[in-house]
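Next come the chains, spelled out residue by residue.
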Amino acid sequence: MIFDLIQKRRSVFPAQYNDKPIARTDIEKILEAANWAPTHKKTEPWRFKVFQGESQAKLGLFLSLKYMENDPKPKEFKIKKLIENPKRAGAIIAICMQLDPLESVPEWEEIAAVAMAVQNMWLCCTEMGIGCYWSSPGLIKYMDDFLNLNKGEQCMGFFYMGYSDADIPSVQRNSIADKTVWMDTLG
């Protein structure tokens, strides 16, 4: 049932991933789930760039070098994390957005469509037993140098994926009643 799947969705980080590879067919299924996200005026702004194998190490090296270039006091643990995390993942997908050149919808709607595509990917991964999370480091502003983005395209982060042997903890949420106003009860 979809409600159970939504409640099971969690962020699972590279430190929790094991070495089990993710099949290309599984990644294609995850991307196909993204492709069915709602999109105003059918702009379909989501764009994805998939990293597996050697390209993951190249991504980690690029991120660590950009970090060292742009931080006056780079921290050794962060440099190591930027290098190692991409190599730990079974795959990484760069989440990108192509703005509509006709500007037929506001930018926030395009961002929302991409976020819904990522939620579809997340739910698909949850169903398939693949851990994942959306990372949006400040370094994404430099990704045009690495990804050769098209005009009007921007990187919105990375979708890390990997199998995990770790127990994924359950989470409690505050009551939705505390976040809802029923307008029919206003006088």
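All values derive from a computational prediction rather than experimental measurement. (Residues numbered from 1 in each chain as written. Predicted model: local features only at pLDDT ≥ 70, side-chain atom pairs only at ≥ 80, totals over all residues. Heavy atoms only, no water.)

Draft legend 1. Up close: the sheet that holds strand β2 (residues 91-98). Reading across from one edge, β1-β2-β4-β3 is the order of the four strands in this open sheet, with antiparallel pairing throughout. Every interior strand has two partners, whereas the edge strands, β1 (46-51) and β3 (131-135), have only one. Within the sheet, the average angular offset between the axes of one strand and its neighbour, ignoring direction, is 25°. Of the strand pairs in this sheet, β1 and β2 are connected by six bridges, and their pairing is antiparallel. Looking at the pairing, Phe51 lines up with Ile92 of β2. Set on the sheet, helix α2 (residues 24-34) makes contact with β1, β2 and β4 (153-162); between it and β1 the angle comes to about 165°. (Pairing = 2+ DSSP bridges. Helix = DSSP H or I, 4+ residues; strand = E, 2+ residues; numbered from the N terminus. Axes fitted to C-alpha atoms, helices over the stretch in contact; angles between N-to-C directions. Contact = heavy atoms within 4.5 Å.)

Draft legend 2. Inspection of the environment of Asn18 at higher detail. For Asn18, the location among the structural elements is in the loop between α1 (2-8) and α2. C-alpha of Asn18 to C-alpha of Asp165: the two residues are 147 residues apart in sequence and 6.7 Å apart in space. Contact partners of Asn18, with chain neighbours within four places excluded, come to Arg88, Tyr163, Ser164 and Asp165. Within the structure, Asn18 has its side chain in polar contact with the backbone nitrogen of Lys20 (distance 2.9 Å). (Polar contact = N/O pair within 3.5 Å; in protein donor to acceptor, adjacent residues only side chain to side chain.)

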